[in-house]
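These are the residues of each chain, in order.
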Amino acid sequence: MEIKEKPYPYLKNSTIEKESTKLLESFSKVKGQEMIAPIPIFDIIEHLGYDYDFRKDGLYEDKNILGGLRIAQKKVEINENLTDHEGRMHFTAAHETGHIVLHVPLYMEQMAAGQLEISNNDSTNDILCRKDAGFEGNKKEPEEWQADKFAAYLLMPSTLVKKAF
């Protein structure tokens, strides 16, 4: 089946922040501990039922490809070149988490309605994140800046930032 248009609605910053806060609260409740910095983003990815993998082969030979989300495989992929850039690596992982929380449910709705088919062998519906598509670039697709905002709110929750100051 062919997808006609990806249904990325406009999301207010407050909505994106609320979703990141809900995720942190859910994670904290399961862990039975208060959330403190640094935010354990890779543990949060696993909390959501996803695996993660560091890759340097195939399309990840392109340093512009920072990460990707394999929806059918429930896997976050991070370009291995980022392991030397811890902040960028964590932001990319949080960005992919933003796609999981904000955008995967839209894909699932389309699948349930028979408008979209996602298979393990088809990369058509994977989400690839490029350096030139987010805050750093000029190709700001709605899903990319939404995932960037989510990552910022997730890694620097307002409550922790306010406590620090």
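Residues numbered from 1 in each chain as written. Predicted model: local features only at pLDDT ≥ 70, side-chain atom pairs only at ≥ 80, totals over all residues. Heavy atoms only, no water.

1. Some points on the layout of surface pockets
Empty space left among the atoms is revealed by rolling a probe the size of a water molecule over them.
At step 1: Estimated volume of the largest pocket: approximately 230 Å³.
At step 2: Around the largest pocket, the lining is made up of 14 residues, and of these Thr21, Leu24, Pro157, Thr159 and Leu160 lie nearest the centre.
At step 3: Broken down by secondary-structure element, the contributors of at least two residues to the lining of the largest pocket are α1 (13-31) and α6 (158-164).
At step 4: If you tally residues by element for the lining of the largest pocket, the top one is α1, at 6 residues.
At step 5: Residues that form the lining of the largest pocket fall into these classes: 5 nonpolar, 5 polar and 4 charged. (1 Å grid on protein atoms, 1.4 Å probe; cavity = no way out; pocket = protein on both sides within 12 Å on 5 of 7 lines; lining within 4 Å. Points joined across faces, edges and corners; volume = space filled by probe spheres on them. Helix = DSSP H or I, 4+ residues; strand = E, 2+ residues; numbered from the N terminus. Nonpolar A, V, L, I, M, F, W, Y, C, P; charged D, E, K, R; others polar.)

2. Notes on the sheet that holds strand β1 (residues 51-55)
At step 1: Overall, mixed pairing links the 4 strands, which are arranged β1-β3-β2-β4 in an open sheet. Every interior strand has two partners, whereas the edge strands, β1 and β4 (127-130), have only one. Geometrically, the sheet is characterised by an average inter-axis angle of 15° between neighbouring strands, direction not taken into account.
At step 2: Bridge count for strand β2 (residues 65-70) against strand β3 (residues 75-79) is 4 bridges, and the pairing is antiparallel. Of the residues in β3, the one forming a bridge with Gly68 is Glu77. (Pairing = 2+ DSSP bridges. Axes fitted to C-alpha atoms, helices over the stretch in contact; angles between N-to-C directions.)

3. Notes on the packing of aromatic side chains
At step 1: Under the counting rule described, the total for this entry stands at 3 aromatic pairs.
At step 2: Considering the side-chain rings of Phe42 and Phe54, the 5.7 Å spacing of their centres and the 50° angle between planes classify their relative orientation as tilted. Remark: Phe54 occurs in strand β1 and Phe42 occurs in helix α2 (residues 41-47); sequence separation between them is 12 residues.
At step 3: Since its relative accessible area comes to 13%, Phe42 is described here as buried.
At step 4: For Phe54, a relative accessible area of 26% puts it in the partly exposed group.
At step 5: Judged by centre distance (6.2 Å) and plane angle (85°), the rings of Tyr52 and Phe54 are edge-to-face.
At step 6: Classification of Tyr52 as partly exposed rests on a relative accessible area of 32%. (Phe/Tyr/Trp six-rings, centres within 6.5 Å; stacked < 30°, edge-to-face > 60°. Buried < 20%, exposed > 50% of the residue type's maximum accessible area, 1.4 Å probe, protein only.)

4. What about the pattern of salt bridges?
At step 1: Applying the stated criterion across every chain yields a total of 6 salt bridges.
At step 2: Across the pair Lys22 and Glu19 runs a salt bridge, and its minimum N-O distance is 3.2 Å. Here Lys22 and its partner Glu19 are both found in helix α1, 3 residues apart, which amounts to about one turn of the helix.
At step 3: You can call Lys22 partly exposed: its relative accessible area is 45%.
At step 4: When its relative accessible area of 22% is taken as the criterion, Glu19 is described as partly exposed.
At step 5: Arg70 is the partner of Glu77 in a salt bridge, and the nearest nitrogen-oxygen pair spans 3.2 Å.
At step 6: Overall, the relative accessible area of 2% leaves Glu77 in the buried class. (Salt bridge = Lys/Arg side-chain N within 4 Å of Asp/Glu carboxyl O.)

5. Digging into helix α5 (residues 142-155)
An α-helix turns once every 3.6 residues. As a result, residues three or four positions apart point the same way.
At step 1: For α5, with 14 residues, the first-to-last C-alpha span of 20 Å sits near the 20 Å given by 1.5 Å per residue.
At step 2: Listed in full, the buried residues belonging to α5 are Glu143, Glu144, Gln146, Ala147, Asp148, Phe150, Ala151, Tyr153 and Leu154.
At step 3: Those residues of α5 hidden inside the fold are in contact with α1, α2, α3 (86-102) and β4. (Expected span 1.5 Å × (residues − 1). Contact = heavy atoms within 4.5 Å.)

6. Remarks on the nonpolar core
At step 1: One finds Ile41 and Leu69 to be the most contacted residues of the largest nonpolar core, which totals 36 residues.
At step 2: Elements that contribute at least two residues to this core include exactly α1, α2, β2, β3, α3, α4 (104-112), β4 and α5.
At step 3: Looking at this core element by element, the count peaks at 7 residues for α3.
At step 4: Setting aside residues no more than four positions away along its own chain, Ile41 makes contact with His90, Ala93, Ala94, Thr97, Leu154 and Leu155. (Core = buried A, V, L, I, M, F, W, Y, C linked by side-chain atoms within 4.5 Å.)

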